[in-house]
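# Working through the structure, step by step
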Amino acid sequence: MTRTRTRRRRPAMVGVSEGMTAEQLLTYSAPDKRVELVRGQLVVREPPGWYHGEISLRVGAALHAHLASEQARHGWPAPRGRLAVGDPGFILARSPDTVRGSDVAYVSRERHPGPMPARFPEMAPDLAIEVRSPTDRLGEVLAKVGDWLDAGSRLVWVIDPQRESATVYRADGSHAMLAMSDELDGEDVLPGFRIALRTLFAPS
């Protein structure tokens, strides 16, 4: 595992519309597409494919199992936090609006004790997990990581199924590159959680 510090890069992203708000995004229809809003600009992407979904499910299920086990072990009335999968949207900035969606998101009850809103929460998740698809350009991925961290995410995982690797980005500006022999670690965001990349990328 290599741990270094990096400057966040923000390449320009190309969208199909300008000046859209988060509220307008809720009513926007793009069948069979994935959409985000980046500084008022609508960004449309193709569906990422089966393997992407499988990896997202595996890491989401592992996190869910960890939270449930921790809750049972301590006798807590509720888990430490909440999980969502499938690109839940978060409003990260206003005027112009930015709404980003991660493949898996974790929000601690310490930061958000009440019920989560049905639409877009105006906050960043504690942990944002991005599973890179074959069409994702590195510059776009890094720009998205920067948006998560700038808005308050404490940890961002970028999982790359094609390269069987992952990169961990932290709020302090450091990052770590992980290979198959390494583990994703919840650090102080999800203490005690670990999953080996070898397990995550195991053939189904």
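Cut-offs applied
- Residues numbered from 1 in each chain as written.
- Predicted model: local features only at pLDDT ≥ 70, side-chain atom pairs only at ≥ 80, totals over all residues.
- Heavy atoms only, no water.
- Phe/Tyr/Trp six-rings, centres within 6.5 Å; stacked < 30°, edge-to-face > 60°.
- Helix = DSSP H or I, 4+ residues; strand = E, 2+ residues; numbered from the N terminus.
- Buried < 20%, exposed > 50% of the residue type's maximum accessible area, 1.4 Å probe, protein only.
- Core = buried A, V, L, I, M, F, W, Y, C linked by side-chain atoms within 4.5 Å.
- Contact = heavy atoms within 4.5 Å.
- Polar contact = N/O pair within 3.5 Å; in protein donor to acceptor, adjacent residues only side chain to side chain.
- Expected span 1.5 Å × (residues − 1).

### Notes on the packing of aromatic side chains
Here the structure, examined in full by the defined rule, presents two aromatic pairs. Ring plane angle 80° and centroid distance 5.9 Å describe the contact between Phe-90 and Trp-148, whose orientation is recorded as edge-to-face. On the criterion of sequence distance, the pair formed by Phe-90 in strand E5 (residues 89–93) and Trp-148 in helix H3 (residues 138–151) is long-range, its members being 58 residues apart. With relative accessibility at 0%, the residue Trp-148 sits in the buried group. When the centroid spacing of 6.1 Å and the interplanar angle of 20° are considered together, the rings of Trp-157 and Phe-193 count as stacked. Of this pair, Trp-157 sits in strand E9 (residues 155–160) while Phe-193 sits in the loop between strand E12 (183–185) and strand E13 (194–196), and the two are 36 residues apart along the sequence. You can call Trp-157 buried: its relative accessible area is 0%.

### Comments concerning the nonpolar core
With 24 residues, the main nonpolar core has Leu-127, Trp-157, Ile-159, Leu-184 and Leu-200 as its most contacted residues. For this core, the secondary-structure elements that each account for two or more residues are helix H2 (50–74), strand E7 (104–108), strand E8 (127–131), E9, strand E10 (165–170), strand E11 (174–178) and helix H4 (197–200). The greatest single-element share of this core, amounting to four residues, is contributed by H2. Aside from chain neighbours lying at most four places away, what touches Ile-159 is Ile-55, Val-59, Ile-129, Glu-130, Val-131, Arg-132, Ser-165, Ala-166, Leu-184, Leu-200 and Phe-201. Core analysis: the second largest hydrophobic core is formed by 15 residues, Ala-105, Ala-124, Leu-142 and Leu-149 among them.

### A short note on the environment of Glu-36
With respect to the helices, strands and loops of the structure, Glu-36 is situated in strand E2 (residues 34–38). Taking C-alpha positions, Glu-36 is 31 Å from Asp-182, a pair spaced 146 residues apart along the chain. Look past the residues within four positions of Glu-36 in its chain and what remains in contact with it is Gln-41, Leu-42, Val-43, Arg-45, Val-99, Arg-100, Gly-101 and Lys-144. Within polar-contact distance, the side chain of Glu-36 engages the backbone nitrogen of Gly-101 at 2.9 Å.

### Structural notes on unusual backbone geometry
With an omega of 0°, the peptide bond running from Ser-95 to Pro-96 counts as cis. Assignment of secondary structure puts Pro-96 in the loop between E5 and strand E6 (98–101). We note that Arg-39 has phi near 50°; this positive angle belongs to a residue other than glycine. Residue placement: Arg-39 occurs in the loop between E2 and strand E3 (41–45). For Arg-39, a relative accessible area of 40% corresponds to the partly exposed category. Despite not being glycine, Glu-187 has its phi angle at roughly 50°, a positive value. Its location among the elements puts Glu-187 in the loop between E12 and E13. By relative accessible area, Glu-187 is classed as partly exposed at 27%.

### Comments concerning H3
Under the 1.5 Å per step criterion, the end-to-end length of H3 is 20 Å for 14 residues, consistent within 8% with the ideal 20 Å. When you tally the buried positions in H3, you get 10 out of 14 residues, the bulk of the element. Check the buried side of H3 and you find it contacts E2, E5, E6, E8, E9 and E10. Immediately beyond the C-terminal end of H3, within one or two residues, lies Gly-152, with a positive phi of roughly 125°.

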